[in-house]
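# Descriptive analysis of the structure
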Amino acid sequence: MDQALVNDLKSQNRDELLFRNGDSSPGLPKIRTAYIALGSNLGDRVAMIQEACNRMDACGIKVKRTSCLWETEPMYVLDQNRFVNGACEVETDLEPLALLDALQDIERAMGRRKIIDKGPRNIDLDVLLYENERVSHSRLTVPHPLIAEREFVLRPLADLIPHRALDATRPWKLILDHLNELPPPTDGHAEPLSTLTPLRASATPLHPLRSARPTQVMAILNVTPDSFSDGGVHRPLPEVQRQTQGKQGDDSVSNIPSSAPSPAYLATLRSTIQTFINSGATIIDIGGQSTAPGAPEVSVSEELDRVLPAISLIRSMPEAANVSISIDTYRAAVAEAAVAAGADIVNDVSAGLLDESMLPTIARLGCTVCLMHMRGTPATMSRLNSYPDGLIPTLADELRERVDAAEKAGIRRWRIILDPGMGFSKVGDQNLEILRHMPELRQWRGLEGLPWLLGSSRKSFVGKITGVAIPKDRMFGTAATVTAAVHGGADIVRVHDVLEMAQVVKMADAIFRY
């Protein structure tokens, strides 16, 4: 390089050089990266943290990524409720003290009143790290002085930046090193910290890292005429009304409104839902579009006509107050209407790949999402089952890409559930490989701490191995796969035969989760 050019570059202001490289612009504030601690132990703790993140976004503190949420025992002041803690990575043009002011404004706006130091609080926001800067001020110290002794801070930071140093002057000492050096609990029987994934405010959340956690049973309610196993069983009126009355020559068939299921249908559906709940289902997964190979694609309005009456019915039943509703759809418009009607979880077999609006919609709704691994579409997936680099590594990497896409769309990490997609772009023994390697998937880098849903019920690989051709007769084979799923660490099993599989889950939990 010409020496005159070198001297010219040395003499220029750093901000001008950054501008030349597209990193900044003269006269514009610098965008800085900071890490904020999130905590709550009063009221709806998850809702408080979610609101705080939304308020940060609204005031220009852009939340780029979030950690998992971790449920922890209180420190220092022990006579108070358990905390939910997390962390988020933000981009801001505020200097450290101005950032602190903005966070405290959010706390006050949310009703935070500090009565006891380190005591109960509905929301707690702290600046943990600000670029690589050190701040020493009477109001603020960065890095936060107590990070290294607080597991409830190190765990969330390790979700985000495990290989970053806390102190830029000691770059060899990483966040993971601090975490690994924490002393073991004084009580030898203390349960390790676990992540927390909310389903519904009134329902028990998922705790994927608790060894004694119960496996949740998701009942399948397909209100479709053509699902592979139970199509037409939960007959989606008025479709059946139209078909039946048409066969009977009823001239009034054309007058049946598409959104008015009959009282008889609703009574039958209510009985089915009641049976699910009495049998042990804690989640009901409602689907109005079959993903069976070759199934025709219905319109959005038809899918909504199928699922919305079921959602509204469940939400009207007092006995279902603590039951979470999952909407099985890959369409953003259906997901949005379903959540507005009372659904809690969006179960997307494509993980957002079949509708580019899905992930931003879920982020805006603030609900929990299940991201399933699938390639192609339901019509093409069976041909896309080649994994030359190995099924498990490829599945994990492709799911991690979907997690990254969800986070970039604004979905909080604590709102994500994963599904390896048994029977979707996997055939035969590939499904067994998933069951055998679930512990490995649960610990895969970038997927740690997230809960898993497994859906093996009545799948074709079960029929092939057992020799049972009719899907509804594959109960015993399904029971073996459900047991394997529990042993492998599944948090949710999705099943057709709720009564029988709930008993299998209870027994498997008693054996493997203690």
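Residues take numbers from 1 onward in each chain, read along the sequence in its written order. This being a predicted model, a pLDDT of at least 70 is required before a residue's local features are given, and a value of 80 or more before pairs of side-chain atoms are given or counted; all residues contribute to the totals for chains, interfaces and linings. Hydrogen atoms and water are omitted, and side-chain values are computed over all heavy atoms in the structure.

## Some details on the overall build of the protein chain
- Runs of E in the DSSP output that reach at least two residues are strands. Runs of H or I that reach at least four are helices, and both are numbered from the N terminus. Looking only at helices and strands, one finds 17 helices and 16 strands in the protein chain.
- When the 514 residues of the protein chain are sorted by exposure, 52% land in the buried category.
- Restricting the contact set of the protein chain to residue pairs at least 6 apart, pairs at least 24 apart contribute 68%.
- Total accessible area on the protein chain is roughly 23,400 Å²; 53% of this is exposed by carbon and sulfur atoms. Remark: exposure states derive from per-residue accessible area (1.4 Å probe, protein chains only) relative to the maximum for the residue type, with buried under 20%, exposed over 50%, and partly exposed in between. In what follows, a contact means two residues having at least one pair of non-hydrogen atoms within 4.5 Å. In this description, accessible areas are obtained by the Shrake-Rupley approach with a 1.4 Å probe, and a residue is regarded as covered only by the protein chains that are shown.

## Things to note about a nonpolar patch on the surface
- Note that patches include only residues with greater than 30% relative accessible area and no salt bridge, and the join distances are 9 Å for like charges and 5 Å for nonpolar side chains (Val, Leu, Ile, Met, Phe, Trp, Tyr). Any Lys or Arg side-chain nitrogen found within 4 Å of a carboxyl oxygen on Asp or Glu counts as a salt bridge. On the surface, a cluster of nonpolar side chains totalling about 280 Å² of accessible area is made up of M507, I511 and F512.
- With respect to the element layout, I511 can be found in helix α17 (residues 498-512).

## Looking at the nonpolar core
- Only buried Ala, Val, Leu, Ile, Met, Phe, Trp, Tyr and Cys residues count toward a nonpolar core, and they belong to the same one when joined by side-chain atoms within 4.5 Å. If you look at the biggest cluster of nonpolar residues, it comprises 77 residues, and the most contacted ones within it are L221, I273, I284, I286, L371, I416 and L418.
- At seven residues, helix α12 (residues 391-408) tops the list of elements feeding residues into this core.
- Sequence-distant contacts of L418, that is, excluding residues within four places in its chain, are made with C370, L371, L399, V403, L447, L450, P451, W452 and L453.
- Counting 29 residues, the second largest nonpolar core, distinct from the first, contains I36, L69, L125 and L196.

## What to know about the pairing of strand β9 (residues 216-222)
- Burial runs high along β9: seven of the seven residues are buried.
- Of the two faces of β9, the one carrying Q216, M218, I220 and N222 and the one carrying V217, A219 and L221 are both buried.
- In the sheet, β9 pairs with strand β16 (residues 492-495) via four bridges, with the strands oriented parallel. Paired with Q216 across the bridge in β16 is I492.
- Sheet analysis places β9 next to strand β10 (residues 283-287), joined by five bridges and oriented parallel. Strand pairing is assigned whenever DSSP detects at least two bridges linking the two strands.

## Regarding the sheet that holds strand β12 (residues 345-348)
- The eight strands lie next to each other as β14-β13-β12-β11-β10-β9-β16-β15, forming an open sheet whose pairing is parallel. In this open sheet, the two edge strands, each paired with only one partner strand, are β14 (416-419) and β15 (453-454).
- Pairing of strand β13 (residues 368-372) with β14 involves four bridges; the strand directions are parallel. From the neighbouring strand, V369 faces β14, where its bridge partner is I416.

## A word on the environment of A321
- Residue placement: A321 occurs in the loop between α9 (300-316) and β11 (324-328).
- Among the residues examined, A321 registers a relative accessible area of 37% and is labelled partly exposed.
- Taking the C-alpha atoms as reference, A321 lies 9.6 Å from R200; in sequence the two are 121 residues apart.
- Ignoring sequence-local partners within four residues, the contact set of A321 consists of R200 and S202.

## Quick look at the packing of helix α10 (residues 332-341) against helix α11 (residues 358-365)
- Axes, fitted as lines to C-alpha atoms, cover a helix only where it is in contact. Angles between the N-to-C directions of the axes lie from 0 to 180 degrees. Remark: α10 packs on α11, axes separated minimally by 9 Å, with the N-to-C direction vectors making an angle of 15°. It follows that α10 is roughly parallel to α11 by the angle criterion. In terms of crossing hand, the pair formed by α10 and α11 is right-handed. Between α10 and α11, the residues in contact are A332, A335, E336 and V339 and M358, T361, R364 and L365, respectively.
- Under the grouping applied here, Gly and all other residues not named as nonpolar or charged are polar, the nonpolar ones being Ala, Val, Leu, Ile, Met, Phe, Trp, Tyr, Cys and Pro and the charged ones Asp, Glu, Lys and Arg. Here the contact of α10 with α11 is composed, by residue class, of five nonpolar, one polar and two charged. Roughly parallel means an angle under 35 degrees; roughly antiparallel, over 145; roughly perpendicular, 65 to 115; everything else is oblique. Here a crossing is called left-handed whenever its near helix is offset anticlockwise from the far helix by less than a right angle, and right-handed whenever the offset is clockwise.

## Here we look at α10
- Where α10 is concerned, the buried positions are A332, V334, A335, A338 and V339. Across the axial projection of α10, the buried residues extend over an arc of 160°, all falling on one side.
- Residues of α10 that are buried in the fold lie against α9, β11, β12 and α11.
- The first or second residue beyond α10 is G342, which carries a positive phi of 130°. As used here, the arc belongs to the directions running from the helix axis to the C-beta atoms.

## As for the packing of α9 against α10
- Close contact between α9 and α10 brings their axes to 9 Å; oriented N to C, the two are set at 20°. The orientation of α9 with respect to α10, classified from their angle, is roughly parallel. The handedness of the crossing between α9 and α10 is right-handed. On the side of α9, the interface is formed by V300, E303, L304, V307, L308, I311, S312 and R315, while α10 contributes A333, V334, A337, A338 and A341.
- Classifying every residue of the contact of α9 with α10 by side-chain character gives 10 nonpolar, one polar and two charged.

## Considerations on unusual backbone geometry
- Residue P143 follows V142 across a cis peptide bond; omega there is 0°.
- Structurally, P143 is set in the loop between β7 (141-142) and α5 (151-160).
- Its identity as a non-glycine residue notwithstanding, E131 has a phi of 50°, on the positive side.
- Looking at where E131 falls in the secondary structure, it is placed in the loop between β5 (124-130) and β6 (135-136).

## Focus: the side chain of H144
- By the element assignment, H144 lies in the loop between β7 and α5.
- Those residues in contact with H144, other than ones at most four positions away along the chain, are D126, V127, L128 and R150.

## So, α11
- Among the residues making up α11, those that are buried are M358, L359, T361 and I362. Projected onto a plane normal to the axis of α11, the buried residues spread over an arc of 160° and lie on a single side.
- The inward-facing, buried residues of α11 contact α10, β12, β13 and α12.
- Once α11 ends, the next one or two residues include G366, with phi positive near 75°.

## Considering the confidence of the model for the protein chain
- Scored by pLDDT, the protein chain comes out at a mean of 89, with 86% of its residues at no less than 70.
- Across the chain, each position has a pLDDT score giving the predictor's confidence in that residue, from 0 to 100. For the stretch residues 4-24, pLDDT sits under 50, and the model shows 13 contacts to residues farther than four places along the chain or on other chains.

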